[in-house]
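# Summary of structural features
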Amino acid sequence: MSADRPVDPFAGFDSLIERRRREADEFYDRLQNGMSGDQRLVQRQASAGMIWSKQFFYYDVPQWLKGDPGQPPPASGRKRGRNHEWCHLNNADIISMPDKWEYPWYAAWDLAFHTVSLALVDPEFAKKQLVLLTREWYMHPNGQLPAYEWAFGDVNPPVHGWATWRVFQMDRKRRRQKRKDDPGDLAFLERVFHKLMLNFTWWVNRKDAEGRNVFQGGFLGLDNIGVFDRSAPLPTGGYINQSDGTSWMAMYSLNLMRIALELAQHNHVYEDIATKFFEHFLHIAEAMTNIADGMGLWNEEDGFYYDVLNLPDGQMVPLKVRSMVGLIPLFAVETLEPELCARVPAFTERLDWFLNYRPDLAGLVSRWNEPGKGERRLLSLLRGSRMKKLLRRMLDEAEFLSDYGVRALSRYHRDHPYTLDWNGQRFSVAYEPGESTSGLFGGNSNWRGPIWMPVNYLIIESLQKFHHYYGADFKVECPTGSGRLHTIDEVASELAARLSGIFLRNDDGERPVFGNNRRLQDDPHFRDHVLFHEYFHGDTGRGVGASHQTGWTGLIAKLLQPRRKEASAPREVEVVG
């Protein structure tokens, strides 16, 4: 900007654009070392989509409720309508949108996944987004995070502890390229951690109906995955003990425990807090095994986790829908290295005492001694035998495993819809691999068969953590029934390859994401311009839903990044890229 009128405002324009192009090329050349040409193309476009989807977002709830000065006042009902309980909220910031064309608003759990992709190219912005979401003018005074503009009070999965830890790790790895002993941005980690503890407390106080560490979060971002609208009063009365809600909280406990352990290496006060989250995880794991009278969320006969419907008369009915709800328990997994435990002696002492004091809960922690290293521990909702049973279903191509990732609902339900009859009403769930045939949730939100990138990403990362503990001797059949045994890490790599195959050219020279659209497949003006859809057809990989919701589908950028171990860091799990 200048007060002087430029004589030739576009002088040097072409050379400036060319210089910026060279700078971008040099940046991505360094980032994409070791990748194929097509992988580079897809990753760069995914990152460009993430950057393009930054947008200024303004929403002042008190102003919205009162109306604009000088204009006719709004109807009185607005003061008791949408978001009236969020009068503290004032947003006026640059925020990463799911897509600023089709979805020009922020969504809390989408944004958590965005930060992991953004951290590849702009870690400072990624960190600022996580800080922003937990600021006083965003987070509710009671600790709830705002969901999205049309209903801030809806409940999204608590993935922000996971995102904070992952962004911290990625940023630390980058910083250690310059200084090998860089501890990472501890101020960022501590700042967000304190706010996430408030959010965790909100979950415990508001979403655990009977105070038994079994949670009910509503639809939790999975829209029409179940028999009922889980965010509305049930037609049967009562409530649902949710496998996914409870598992998300088990995952959250482990995420916050791990952050606390990192901070404890610099301030031992945090060892007490790490202990609190460790014990909370064990209580949640115990509750999932036995919610009442010997019934848990795990079904031994089916080898799967199910939601359980609690009726007003006290009856409990397992809702035997084989869906992503039953796979989310995989996400609650963490390994503790002996080197880490040695650096936090107060935590380790309490951990050992607690496991001796509660031997019934000690069985939830796997451990083994590595000669010369000490005892490595695995915290997980799934011990080895249960995990194998769950993976047997997940890796079955007749059920969850598609050529393009893990489906949100088992293909088994295509020919065997799940039905529940209640007081003359029939409720049903059937496999729908593409667009929803139900008007529920507007007909476009479909978790009854398609492939969704964020939960697939978490499956891959969780499998990598399991492999870190079990090692190369622990193998599973993949695909189920093939007779081919693979390590869990090899299974994770196979899933990553299938997801990547949605976007990359196959042996026929086509990109599955384009489906049968010949212009997109063949026209030189279109065929290399990839669309990052909201979700993907469970059988063909075709893009479905919003056509440029780079948002969490931008995770493909992180998934394509070659995995490189950080040589100077204490041994940790190598996770996706």
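Up top is the structure these notes are about.
What comes next concerns the included structure. (Residues numbered from 1 in each chain as written. Predicted model: local features only at pLDDT ≥ 70, side-chain atom pairs only at ≥ 80, totals over all residues. Heavy atoms only, no water.)

Before going further, it helps to spend a moment on the overall build of the protein. What the protein contains, in helices and strands, is 19 helices and 18 strands. The globule rule puts the C-alpha radius of gyration for 577 residues at 25 Å, and the 24 Å found for the protein is close to it. Along the three orthogonal principal directions, the C-alpha set of the protein runs to about 80 × 65 × 55 Å. Residues counted as buried form 57% of the 577 residues belonging to the protein. In the protein, of all internal contacts separated by at least 6 residues, the share reaching a separation of at least 24 is 69%. In the protein, 70 side chains carry a positive charge and 75 a negative one; their mean positions are 3 Å apart. (Helix = DSSP H or I, 4+ residues; strand = E, 2+ residues; numbered from the N terminus. Rg over C-alpha atoms; globule rule 2.2 N^0.38 Å. Buried < 20%, exposed > 50% of the residue type's maximum accessible area, 1.4 Å probe, protein only. Contact = heavy atoms within 4.5 Å. Lys, Arg positive; Asp, Glu negative; His and termini not counted. Charge placed at Lys NZ, Arg CZ, Asp CG, Glu CD.)

It is the contact of helix H7 (residues 186–206) with helix H8 (residues 243–264), at a shortest axis distance of 10 Å, that shows an interaxial angle of 150°. Once H7 is placed against H8, the crossing between them reads as left-handed. Facing H7, whose interface residues are Leu186, Leu189, Glu190, Phe193, Leu196, Asn199, Phe200, Trp203 and Val204, H8 presents Met249, Tyr252, Ser253, Leu256, Ile259, Ala260, Glu262 and Leu263. Looking at side-chain class alone, the contact of H7 with H8 contains 13 nonpolar, two polar and two charged residues. (Axes fitted to C-alpha atoms, helices over the stretch in contact; angles between N-to-C directions. Left-handed = near helix turned anticlockwise from the far one by under 90°. Nonpolar A, V, L, I, M, F, W, Y, C, P; charged D, E, K, R; others polar.)

What follows is about the packing of aromatic side chains. Counted under the stated rule, the structure contains 37 aromatic pairs. Between Trp202 and Trp203, the ring centres sit 5.8 Å apart and the planes meet at 90°, which makes this aromatic pair edge-to-face. Each member of the pair, Trp202 as well as Trp203, carries the same accessibility label: buried. Put simply, the rings of Trp109, Phe113, Trp162, Trp248, Phe331, Trp447, Trp452, Tyr457, Tyr535 and Trp552 touch in pairs and so form one group of aromatic residues. Across from the ring centre of Phe474, 4.6 Å away, lies the NZ or CZ of Lys388, which sits over that ring. (Phe/Tyr/Trp six-rings, centres within 6.5 Å; stacked < 30°, edge-to-face > 60°. Lys NZ or Arg CZ within 6 Å of the ring centre and 35° of its normal.)

Moving on, we come to the side chain of Asn456. Topologically, Asn456 is positioned in helix H15 (residues 453–470). Among all residues touching Asn456, those that are not within four sequence positions of it are Gly405, Val406, Ile451 and Leu499.

With that settled, consider the sheet that holds strand S3 (residues 239–241). Taking strand neighbours across the sheet as the criterion, the three strands line up as S3-S6-S7 in an open arrangement whose pairing is antiparallel. Either end of the sheet is taken by a strand with one partner, and the two such strands are S3 and strand S7 (316–319). Direction aside, neighbouring strands of the sheet carry axes that sit 30° apart on average. Of the strand pairs in this sheet, strand S6 (residues 307–310) and S7 are connected by four bridges, and their pairing is antiparallel. Residue pairing for S7: Leu309 is matched across the bridge by Val317. (Pairing = 2+ DSSP bridges.)

On to the nonpolar core. Counting residues in each nonpolar core, the largest one holds 144 residues, and the members touching the most others are Met257, Phe278, Met394 and Phe503. It is H8 that contributes the most residues to this core, 13 residues altogether. Ignoring anything within four residues of it in the chain, the contact list for Phe503 reads Val42, Met453, Arg511, Val513, Val530, Leu531, Phe532, Phe536, Thr553 and Ile556. (Core = buried A, V, L, I, M, F, W, Y, C linked by side-chain atoms within 4.5 Å.)

Here we take up H15. For H15, which comprises 18 residues, the first-to-last C-alpha distance of 26 Å matches the rise-based estimate of 26 Å (1.5 Å per residue) to within 8%. Counting buried positions over the 18 residues of H15 gives 17, a clear majority of the element. Immediately downstream of H15, the backbone of Gly471 shows phi near 75°, a positive value. (Expected span 1.5 Å × (residues − 1).)

Attention shifts here to the packing of helix H6 (residues 160–175) against H7. Running from N to C, H6 and H7 point in directions that differ by 175°, and their axes come no closer than 10 Å. Here H7 runs roughly antiparallel to H6, going by the angle between their axes. Contacts from His160, Gly161, Thr164, Trp165, Val167 and Phe168 in H6 reach Leu186, Phe188, Leu189, Val192 and Leu196 in H7. Within the contact of H6 with H7, the residues separate by chemical class into eight nonpolar, three polar and no charged. (Parallel < 35°, antiparallel > 145°, perpendicular 65-115°, else oblique.)

This part takes up the side chain of Ser462. Its place among the elements puts Ser462 in helix H15. Discounting residues that sit within four places of it in the chain, Ser462 has contacts with Leu330, Phe331 and Val333.

Summed over the entire model, instances satisfying the criterion amount to 42 salt bridges. One continuous salt-bridge network, built from bridges that share partners, spans Glu124, Lys127, Asp171, Arg174, Arg175, Arg179, Asp181, Asp182 and Asp185. (Salt bridge = Lys/Arg side-chain N within 4 Å of Asp/Glu carboxyl O.)

The next point concerns the environment of Gly551. Along the chain, Gly551 turns up in helix H18 (residues 550–553). The spatial distance from the C-alpha of Gly551 to the C-alpha of Ser500 is 16 Å, given a sequence separation of 51 residues. Excluding residues within four positions of it along the chain, Gly551 makes contact with Met50, Met97, Pro98 and His114.

Taken together, Phe10, Phe13 and Ile17 make up a surface patch of nonpolar side chains, about 320 Å² in accessible area. Here Ile17 is to be found in helix H1 (residues 13–31). On the accessibility criterion, Ile17 (36% relative accessible area) is partly exposed. (Patch = residues over 30% accessible without salt bridge, like charges linked within 9 Å, V, L, I, M, F, W, Y side chains within 5 Å. Areas by Shrake-Rupley, 256 points an atom, 1.4 Å probe, with all protein chains shown as cover.)

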